[in-house]
Amino acid sequence: MTKHTRETKLSAAFVKLADTLVTDFDVVDLLHWLVEECTQILDTQAGGLMLIDPAGELQLIASTSEDAQLVEILQLAAGEGPCLDCFRTGKPVTVGDLSIANDWPEFSHGAMSHGFHSVHATPLRLRGDVIGTMNLFSVHVGELGPEDIAVAQALADVATIGILQERTIRSANLISEQLQFALDSRILIEQAKGVLAATAGLSMDAAFNTMRSYARNHNQTLRSVADDVIARKVDLSQEELTKKSNG
């Protein structure tokens, strides 16, 4: 990515994130978009985003691919990894070569088995409180530089403000409710992905992209589309067939 293209995409990303402060938005879609944009802007190949639940545990909310999702779930199950260290310390963690990272052997082995050789974790912070982490994975060896780390942190900080919306946050209970809603939405979306993948013969990634495209085209949230897919109120397999025939 050229410097000019990168600066253009970065400016557009900040504009979109700023818009979330003054308009209604789909939280889950925003988080997926944020991770996808960061992977492109910072020349990484995959990413995931975790948020803390009301019990104080990290839960996976968004990922750019099934490989990234599996690595994130492995990390949570193992209770070790750079993303968990990032959450605990509230500081970015960059690992340029997982093959020589001795702190998290189970995570490193799992990540490399899915083709990833370096990782960068960025905290999502609100007034000093860490509410999650954004994690970027690369198939190449090499750490992110200071400028890239600053870009990732800036995007994560603005996104955090957008997620929680200062003007609507009045208590810790409301924060927990918003985060729990996002967690519940993720579970529904995963279930709907499985239903659509089975009925339409799609990969899990393609099933998610089909649902998100339908949500955007019909001005619906991902959660409402997932509900409809699970309840068989909408047949997105036909949408996918129509798209292929028109393509």
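The sections below set out a description of the structure shown in this document. As the structure is a prediction and not an experimental result, all values here were calculated from the model. (Residues numbered from 1 in each chain as written. Predicted model: local features only at pLDDT ≥ 70, side-chain atom pairs only at ≥ 80, totals over all residues. Heavy atoms only, no water.)

1. Points about the nonpolar core
The tendency in soluble globular proteins is for nonpolar side chains to be buried as a group.
Turning to step 1, where the next piece is worked out: One finds L31, L34, L49, L51, L124, M134 and L155 to be the most contacted residues of the largest nonpolar core, which totals 38 residues.
Turning to step 2, where the next piece is worked out: Ranked by the residues each element gives to this core, the list is headed by helix α2 (residues 27-41), at eight residues.
Turning to step 3, where the next piece is worked out: The next biggest cluster of nonpolar side chains, apart from the first, holds 19 residues, and it includes V28, L188, A197 and F208. (Core = buried A, V, L, I, M, F, W, Y, C linked by side-chain atoms within 4.5 Å. Buried < 20%, exposed > 50% of the residue type's maximum accessible area, 1.4 Å probe, protein only. Helix = DSSP H or I, 4+ residues; strand = E, 2+ residues; numbered from the N terminus.)

2. Side note on the pairing of strand β2 (residues 58-63)
Turning to step 1, where the next piece is worked out: With five of its six residues buried, β2 lies for the most part within the structure.
Turning to step 2, where the next piece is worked out: As judged from the five bridges shared by strand β1 (residues 46-52) and β2, these two strands associate in the antiparallel manner. Paired with G48 across the two strands is S63, which belongs to β2. (Pairing = 2+ DSSP bridges.)

3. Structural notes on the environment of A13
Turning to step 1, where the next piece is worked out: You can see A13 is positioned in helix α1 (residues 3-19).
Turning to step 2, where the next piece is worked out: In this structure A13 comes out as buried when scored by relative accessible area, which is 0%.

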